[in-house]
Amino acid sequence: MLPPFDYFTYRSVRDYKRRERAARFASLPAAYHAPFTTFDKAVINKPIEELVQEVQSSSLSAADVLQTYGKVAVKAHEKTNCVTELLLPEAESWLQSEVNLKGPLAGVPVSLKDSVQVKGFDISLGYTRLAKKPYSEDGPMAKLLKDAGAVPYVKTALPITLLSFESANALWGHCRNPHVPEYSPGGSTGGEGAILALGGRIGIGSDVAGSVRVPAAWSGIYSLRCSTGRWPKVGVNTSMAGQEGVPSVFSPMARTLNDLTYFTKAIVGMKPWKYDYTVHPISWRDEEESEAKSKRLRIGLMTNDGVVPHPAIERALSTTVAALTAAGHTVSEITTPATADPFTGLHLASQLLNTDGCVTFNSHRYNFEPSDPGADQLTRICNLPRPLRYLYYLYVRYIRRDFKWASLIRTFSPKSSAETWKLVAKRESFRATWHAWWDAEPQQYDFILCPVNATPALPHKAMSDAVSSCGYTFLWNLLDYTAGVLPVSHVDAKRDALTAPYKKILKGLGANNAIAKGAWKHYDAAKMAGLPTAVQVVGRRWQEEKVLGYMEAVEKALEQYRDPATGESGKYTLIELD
């Protein structure tokens, strides 16, 4: 349809889908809208392995478990706008005919990022052009889950383009942070972060630059970024189909570490390579997980990727270091490879991710359909004629004296096939450099500890400033390393307040560039009070078992640690259910 008429189509589809969602919630039986009971809270807080055993032995009804999580969905959506498609009526039917209640996830409700294919429902990805096109069959991911005994019950919010740490789009609106609603729950798997923080059990998201890890950090849950080929991905849509420079991976998320580990192990135990040709036939290695959580660890610490972490994030990191040291582990600051430092990685990854010049993720939009502010900024830079982009580069490089932002601008443009091949060759050289560096003395770390992002959750629409501040996560995507996230604490208005204006702080640190400024511009400890803080545990490629074991060692150290300033345990406190 030609503009401006497709604007009216966008508005019509948006209104239809929102009415449909509201009607589905309103038509649920009264039990789904009732307050949480003692039974509900017991189900939500029960270790997942016990829940499965009770369903398998018929001492607990899978239908009752589903009803409990239906209540979670209703309450979480009211608070955060986290649900795109409500699957509950169909889920009740699937329990009777399609879900294998003898499987390792028997009766466990699972929430899914909107991009997962489930029969009878759209995969809109936040684009109105993709709505009102329900799929007739489950994708391999949904089939595997049902065969494992899991029950898909909601699909959750994401940003249009899937290239944002915000989770908002014109079709569904803004998903809100479960702790402080004026802030983002993270993205692009932000709906999962919100529902899991508010009582959800397990979920699946995708990650191309931090999209399961940032929502975990900003919402206060746990996630694991799997290496490519360890977790299924067929039967899932993306805004950038065919983009393989930095492959997107689908990965698990959960409310607790126990749930995350059990869920990951259960899916690998289902032999997902039988459902999805992209999965490597690597069985679960119990001995690697056991060894990782039981030995004295040698840990590399990366405190700065070029964007200095905010005071609240620095405190979470230093608390974790103190806890690990007190537990007998060795923590030492790393010096990254000189020719493969984090900024070089960010520069390379940003080019690989957008070799098409931002064409594909914009192609799904109707004219005048609002996009993500960060993605809009990237598009504007890509669309600049080469002479104008070069003039802009000169201005930023020599007038504003911002070498980093200038470097990103100069090379952020559509690439030919020959140019793309050269970038892939650089990626492989970058990976080889890191592989050799990690193996060499004095490194030989068990894992690297670092922030998830320089910031706690940011306000809605902040991505126009902070879109490029993704180095702490994007680096590990480029390397295809396994990385997990666990929450540590919350922002404290007094302890985490700035001691001077942020521009003065950055200038003193020699970090007075646009990337750092975009990350620091919105920091306000008083407004952010109560938002979660987290750390990232990074292993090497295909080390999911080890990383989960390392995460358990970190959490155990935090549980045993007492903060000298407050006397409080370092263990993160989950949201209390109403």
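The shown structure was predicted, so the numbers you read here are calculated from the model rather than taken from an experiment.

A look at the sheet that holds strand β8 (residues 249-254)
Remark on secondary structure: sheet strands pair via backbone hydrogen bonds, oriented parallel or antiparallel.
Phase 1 of the analysis: The strand order across the open sheet built from 11 strands is β1-β3-β2-β6-β8-β7-β12-β13-β11-β9-β10, with neighbouring strands paired in mixed fashion. Both edges of this open sheet fall to β1 (83-86) and β10 (330-333), since each of them pairs with a single strand only. Geometrically, the sheet is characterised by an average inter-axis angle of 30° between neighbouring strands, direction not taken into account.
Phase 2 of the analysis: The sheet contact formed by strand β7 (residues 222-225) and strand β12 (residues 483-490) spans three bridges and is antiparallel. If you follow L224 over to β12, its bridge partner there is G484.
Phase 3 of the analysis: Sitting on the sheet, helix α19 (residues 471-479) is in contact with β6 (202-207), β7, β11 (447-450) and β13 (532-538), with an inclination near 25° to β13.

As for helix α12 (residues 342-353)
Phase 1 of the analysis: Here α12 contains 12 residues, and its C-alpha end-to-end distance of 16 Å stays within 8% of the 16 Å for a straight helix at 1.5 Å per residue.
Phase 2 of the analysis: Of all 12 residues making up α12, 11 are buried, and the element is well covered by its neighbours.
Phase 3 of the analysis: Among the residues of α12, P342, F343, G345, L346, H347, L348, A349, S350, Q351, L352 and L353 are the ones counted as buried.
Phase 4 of the analysis: Elements in contact with the buried residues of α12: α16 (403-411), α17 (417-439), α19 and α21 (514-520).
Phase 5 of the analysis: Sitting at the amino-terminal end of α12 is D341, which places a side-chain oxygen 3.1 Å from the backbone nitrogen of F343.

Quick word on the pairing of β11
Phase 1 of the analysis: Side-chain alternation along β11 places F447 and L449 on one buried face and I448 and C450 on a second face that is also buried.
Phase 2 of the analysis: As defined by bridge partners, strand β9 (residues 298-301) adjoins β11 across three bridges and the pair is classed as parallel. Within β11, the residue paired with I299 across the bridge is F447.
Phase 3 of the analysis: Relative to β13, β11 runs antiparallel, the two sharing three bridges. Across the sheet, residue C450 finds its bridge partner in β13, namely Q536.

Quick word on the UniProt feature "domain: Amidase" (unreviewed entry) in the protein
Phase 1 of the analysis: According to UniProt, the feature "domain: Amidase" (unreviewed entry) maps to residues 65-548 in the numbering used here.
Phase 2 of the analysis: Secondary structure content for residues 65-548 is 41% helix and 13% strand, and the end C-alpha separation is 27 Å.

Quick notes on the UniProt feature "binding site: substrate" (unreviewed entry) in the protein
Phase 1 of the analysis: The UniProt feature table records "binding site: substrate" (unreviewed entry) at L162, S188, V208, A209, G210 and S211. In summary, the annotated positions, though distributed over 50 residues, converge in three dimensions, the widest C-alpha pair being only 10.8 Å.
Phase 2 of the analysis: Structurally, the position occupied by A209 is in the loop between β6 and α8 (213-219).
Phase 3 of the analysis: Look at A209 and you get buried, because its relative accessible area is 12%.
Phase 4 of the analysis: Discounting chain neighbours no more than four positions away, the residues touching A209 are F165, C470, T473, F474 and N477.
Phase 5 of the analysis: Apart from the residues lying within four places of it in its own chain, the contact partners of S211 are K113, L162, G187, S188, T189 and S206.

Digging into helix α15 (residues 386-399)
Phase 1 of the analysis: In a regular helix each residue adds 1.5 Å, so 14 residues correspond to 20 Å; α15 covers 19 Å between its end C-alpha atoms and thus fits that length.
Phase 2 of the analysis: Three or more residues of α15 are buried, namely R389, Y393 and V396. Along the axis of α15, the buried positions cluster into a sector of 70°, meaning they face one direction only. Opposite its buried face, α15 presents the exposed residues P387, L391 and I399, each directed more than 90 degrees away.
Phase 3 of the analysis: Positive backbone phi, at 55°, marks R401, one or two positions downstream of α15.

Points about the nonpolar core
Phase 1 of the analysis: Within the largest apolar cluster, 184 residues are counted, with the highest numbers of intra-cluster contacts made by W434, L449 and W476.
Phase 2 of the analysis: Counting contributing residues, this core receives three or more from each of domain 1 (3-284) and domain 2 (291-355 + 421-560).

A closer look at the pattern of salt bridges
Phase 1 of the analysis: By the definition in use, this model includes 29 salt bridges.
Phase 2 of the analysis: A salt bridge links R285 to E288; the nearest nitrogen and oxygen atoms lie 3.7 Å apart.
Phase 3 of the analysis: The partner of E552 in a salt bridge is K293, and the shortest N-O contact between them spans 3.5 Å. Of this pair, E552 sits in helix α23 (residues 544-560) while K293 sits in helix α10 (residues 286-294), placing them 259 residues apart in sequence.
Phase 4 of the analysis: We classify E552 as partly exposed; its relative accessible area is 34%.
Phase 5 of the analysis: Through salt bridges with shared partners, a single network forms among R230, R285, E288, E544 and E545.

Quick notes on the domain arrangement of the protein
Accessible area lost when the parts come together is the quantity often used to give the size of an interface.
Phase 1 of the analysis: Each assigned domain of the protein is listed here: domain 1 (3-284) and domain 2 (291-355 + 421-560).
Phase 2 of the analysis: If you look at the interface, domain 1 gives 47 residues, while domain 2 gives 49 residues.
Phase 3 of the analysis: Summing the contributions of domain 1 and of domain 2, the shared interface buries around 3900 Å²; its carbon and sulfur component is 61%.
Phase 4 of the analysis: Per-residue buried area on domain 1 facing domain 2 is highest for Y183, R213 and W218; these three make up 19% of the total on that side.
Phase 5 of the analysis: The tally of links between domain 1 and domain 2 comes to three salt bridges.
Phase 6 of the analysis: We note a salt bridge from R230 to E545, for which the minimum N-O separation is 2.7 Å.
Phase 7 of the analysis: Where domain 1 touches domain 2, the interface holds 29 residue pairs in polar contact (both at pLDDT 80 or more).
Phase 8 of the analysis: When residues of the side of domain 1 that touches domain 2 are traced back to their parent elements, those giving at least two are α8, β7 and α9 (257-269).

Looking at the packing of aromatic side chains
Phase 1 of the analysis: One pass over the full model with this rule turns up 15 aromatic pairs.
Phase 2 of the analysis: With a centroid separation of 6.1 Å and 50° between ring planes, the pair formed by W437 and Y445 is classed as tilted.
Phase 3 of the analysis: Here W437 falls in the buried class, since its relative accessible area comes to 10%.
Phase 4 of the analysis: Look at Y445 and you get buried, because its relative accessible area is 9%.
Phase 5 of the analysis: Residues W520 and Y523 carry aromatic rings whose centres are separated by 6.4 Å and whose planes lie at 55° to one another, so their mutual orientation is tilted.
Phase 6 of the analysis: On the basis of relative accessibility, which here comes to 3%, the residue W520 falls in the buried class.
Phase 7 of the analysis: Taking the ring centre of Y16 as reference, the NZ or CZ of K132 above it sits at 4.4 Å.
Phase 8 of the analysis: Residue placement shows R397 over the ring face of Y398; its charged tip is 5.0 Å from the ring centre.

Calculation notes
Residues numbered from 1 in each chain as written. Predicted model: local features only at pLDDT ≥ 70, side-chain atom pairs only at ≥ 80, totals over all residues. Heavy atoms only, no water. Pairing = 2+ DSSP bridges. Helix = DSSP H or I, 4+ residues; strand = E, 2+ residues; numbered from the N terminus. Axes fitted to C-alpha atoms, helices over the stretch in contact; angles between N-to-C directions. Contact = heavy atoms within 4.5 Å. Expected span 1.5 Å × (residues − 1). Buried < 20%, exposed > 50% of the residue type's maximum accessible area, 1.4 Å probe, protein only. Polar contact = N/O pair within 3.5 Å; in protein donor to acceptor, adjacent residues only side chain to side chain. UniProt positions renumbered as here; feature names shortened; annotations may be inferred. Arc of directions from axis to C-beta. Core = buried A, V, L, I, M, F, W, Y, C linked by side-chain atoms within 4.5 Å. Domains from an automatic or database assignment. Salt bridge = Lys/Arg side-chain N within 4 Å of Asp/Glu carboxyl O. Buried area = accessible area lost by both parts, 1.4 Å probe. Phe/Tyr/Trp six-rings, centres within 6.5 Å; stacked < 30°, edge-to-face > 60°. Lys NZ or Arg CZ within 6 Å of the ring centre and 35° of its normal.

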